[in-house]
Amino acid sequence: MDIKEYFARISYWGSYDKPDLATLTDIFQHHIRAVPFENLSIHCGESIELDLQATYNKIVKKKRGGWCMENNHLLSWVLKTLGYDVTLLGSKVYVSEYNVYADEIDHLLLKVELDNKSYIVDGGFGMAYQMWQPMELVSGTDQPQTPGVFRFVEESGVWYLEKVKRKQWVPDQSFSASHNTEEEVCRRVYLFTLQPRDIEEFRDRNTHLQTAPDSLFVTKSICSLQTANGIRALVGWKLTEIKYDYKDNMDLVEIRILADEEMEKTLKEKFNITLDKKFVPINTSRLSMF
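The shown structure was predicted, so the numbers you read here are calculated from the model rather than taken from an experiment.

We now examine the overall build of the chain. Across its full length, the chain carries seven helices and 15 strands. Relative to a compact globule of 290 residues, whose C-alpha radius of gyration would be 19 Å, the chain shows 18 Å and is just as compact. When its C-alpha atoms are laid out on the principal axes, the chain stretches across 50 × 40 × 40 Å. Each of the 290 residues in the chain was classed as buried or not, and the buried ones make up 54%. Excluding contacts between residues fewer than 6 apart, the proportion of contacts in the chain whose partners are at least 24 apart in sequence is 61%.

Spelled out as structure tokens, the structure:
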């Protein structure tokens, strides 16, 4: 594995000789705008391996994306290579439709110690809840970013990530019912503790999430990418493009339903992804990605 090859993959041409917050933020932002959050392997007959070399080959050499256990595993290698103090953490994602957090750890994130402060670095959540900057690990402090206002709340050693979403403007009213357009909404994202984790602890969950019939990732094909001013996401056949803070503190949400014959071209043009095998889109889960 070659750090310079990774930098070329994310189009990062800045300096990296000083492991400081500015460099960390710059690399992180290049990563989330170049590497999609996606589970397309599940829907084109491939398995997702929890192996760093396999992840490197997939994301760097094949120019694919990945889910949290791929994106953040690769990021941990990048940051450790550059001299950062990195710890793997595990979280339980919040499911708003059921008002519960997952029963087991199902999300990998990173903690970086820097200048006597702790930061959470998560380049693998995707969609509209993807942070755009490392977040300082402090409780109860709003941390405004372009996607919205994020904050951590700590209770008895458990940390909760929340995001306040803006109002949304959906020009095509036929889709407005699927988006909360009336008011700003504080949405829980996930909970975690500071217990250090090893990548092997995620192996069973990595298998479960890509094989269980009721897994969100089995019932939805997902590909999302952060852009300079928002996100774009393909879930099943629905292509959603969001521009953050488009006007009057509202996000612009544009939605289009694709035909099967548009999939290959859309993945290439919107996400820079070319698949080796036939992709079969799916969206049979009622769980919302927004």
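Don't stop here, the text continues.
Scanning the entire structure with this criterion turns up 14 aromatic pairs. Consider the rings of Phe152 and Trp159, whose centres lie 6.3 Å apart with planes at 90°: the pair is edge-to-face. The pair Phe152 / Trp159 is uniform in exposure class, with both members buried. An aromatic cluster is defined as three or more aromatic residues linked by ring pairs; in this entry it consists of Phe125, Phe152, Trp159, Tyr190 and Phe192. Here the guanidinium or amino end of Arg187 rests over the ring plane of Tyr129, the centre of that ring lying 4.5 Å away. In this structure, Lys247 is placed above the aromatic ring of Trp169, and the distance from its NZ or CZ to the ring centre is 4.3 Å.

Another point: the nonpolar core. Nonpolar side chains tend to gather and get buried jointly when the protein is soluble and globular. Judged by nonpolar contacts, the single largest core of 72 residues is most densely connected at Tyr6, Ile120, Tyr190 and Phe192. Core analysis: the next-biggest nonpolar cluster, separate from the first, contains 13 residues, Cys223, Leu225, Ile273 and Leu275 among them.

Okay, the environment of Glu154 next. With respect to the helices and strands, the residue Glu154 is situated in strand S8 (residues 148-155). Taking the C-alpha atoms as reference points, Glu154 and Thr193, 39 residues apart in sequence, are found 9.3 Å from one another. If near-sequence neighbours (up to four positions away) are discounted, Glu154 is found in contact with Ser139 and Trp159. Reaching out from Glu154, the side chain makes a polar contact with the backbone nitrogen of Ser156 at a distance of 3.5 Å.

Running from amino to carboxyl end, helix H3 (residues 52-61) crosses helix H4 (residues 68-81) at an angle of 100°, the nearest separation of the two axes being 10 Å. Of the possible angle classes, the one that applies to H3 and H4 is roughly perpendicular. Across the interface between the two elements, Leu52, Thr55, Tyr56, Lys58, Ile59 and Val60 of H3 pack against Glu70, Asn71, His73, Leu74 and Trp77 of H4.

With that out of the way, let us pick up the side chain of Lys58. Relative to the helices and strands, Lys58 resides in helix H3. Not counting chain neighbours up to four residues away, the residues in contact with Lys58 comprise Glu38, Ser41, Ile48, Lys63, Arg64, Gly65 and Glu70.

With that out of the way, let us pick up the sheet that holds strand S12 (residues 222-226). Within the open sheet, the six strands sit side by side as S1-S12-S13-S14-S15-S10. Their pairing is mixed. In this open sheet, the two edge strands, each paired with only one partner strand, are strand S1 (37-38) and strand S10 (167-169).

Following both chains from N to C, one finds helix H2 (residues 21-34) and H4 inclined at 145°, their axes separated by 12 Å at the closest point. Along this stretch, H2 crosses H4, giving a crossing that reads as right-handed. Of the residues in H4, those in contact with Leu24, Ile27, Phe28 and His31 of H2 are Asn71, Leu74, Leu75, Val78 and Leu79. Per-class residue counts for the contact of H2 with H4 are seven nonpolar, two polar and no charged.

Take the pairing of S8 next. Bridge count between strand S7 (residues 143-145) and S8: three bridges; the pairing is antiparallel. Bridge pairing links Pro144 to Val149 in S8. Between S7 and S8, which pair antiparallel in sequence order, lie two residues. When S8 meets strand S9 (residues 158-165), the two strands line up antiparallel, connected through seven bridges. Within S9, the residue paired with Glu154 across the bridge is Trp159. Linking S8 back to S9 in an antiparallel pair, the connection comprises two residues, with Ser156 at a positive phi of about 55°.

For the rest of this paragraph, the subject is the state of the cysteines. Enumeration over the complete set of coordinates arrives at zero disulfides. Just so you know, Cys223 is unpaired, no disulfide at all, and the nearest cysteine sulfur is the one on Cys44, 11 Å from it.

Conventions used here
- Residues numbered from 1 in each chain as written.
- Predicted model: local features only at pLDDT ≥ 70, side-chain atom pairs only at ≥ 80, totals over all residues.
- Heavy atoms only, no water.
- Helix = DSSP H or I, 4+ residues; strand = E, 2+ residues; numbered from the N terminus.
- Rg over C-alpha atoms; globule rule 2.2 N^0.38 Å.
- Buried < 20%, exposed > 50% of the residue type's maximum accessible area, 1.4 Å probe, protein only.
- Contact = heavy atoms within 4.5 Å.
- Phe/Tyr/Trp six-rings, centres within 6.5 Å; stacked < 30°, edge-to-face > 60°.
- Lys NZ or Arg CZ within 6 Å of the ring centre and 35° of its normal.
- Core = buried A, V, L, I, M, F, W, Y, C linked by side-chain atoms within 4.5 Å.
- Polar contact = N/O pair within 3.5 Å; in protein donor to acceptor, adjacent residues only side chain to side chain.
- Axes fitted to C-alpha atoms, helices over the stretch in contact; angles between N-to-C directions.
- Parallel < 35°, antiparallel > 145°, perpendicular 65-115°, else oblique.
- Pairing = 2+ DSSP bridges.
- Left-handed = near helix turned anticlockwise from the far one by under 90°.
- Nonpolar A, V, L, I, M, F, W, Y, C, P; charged D, E, K, R; others polar.
- Disulfide = S-S within 2.5 Å.

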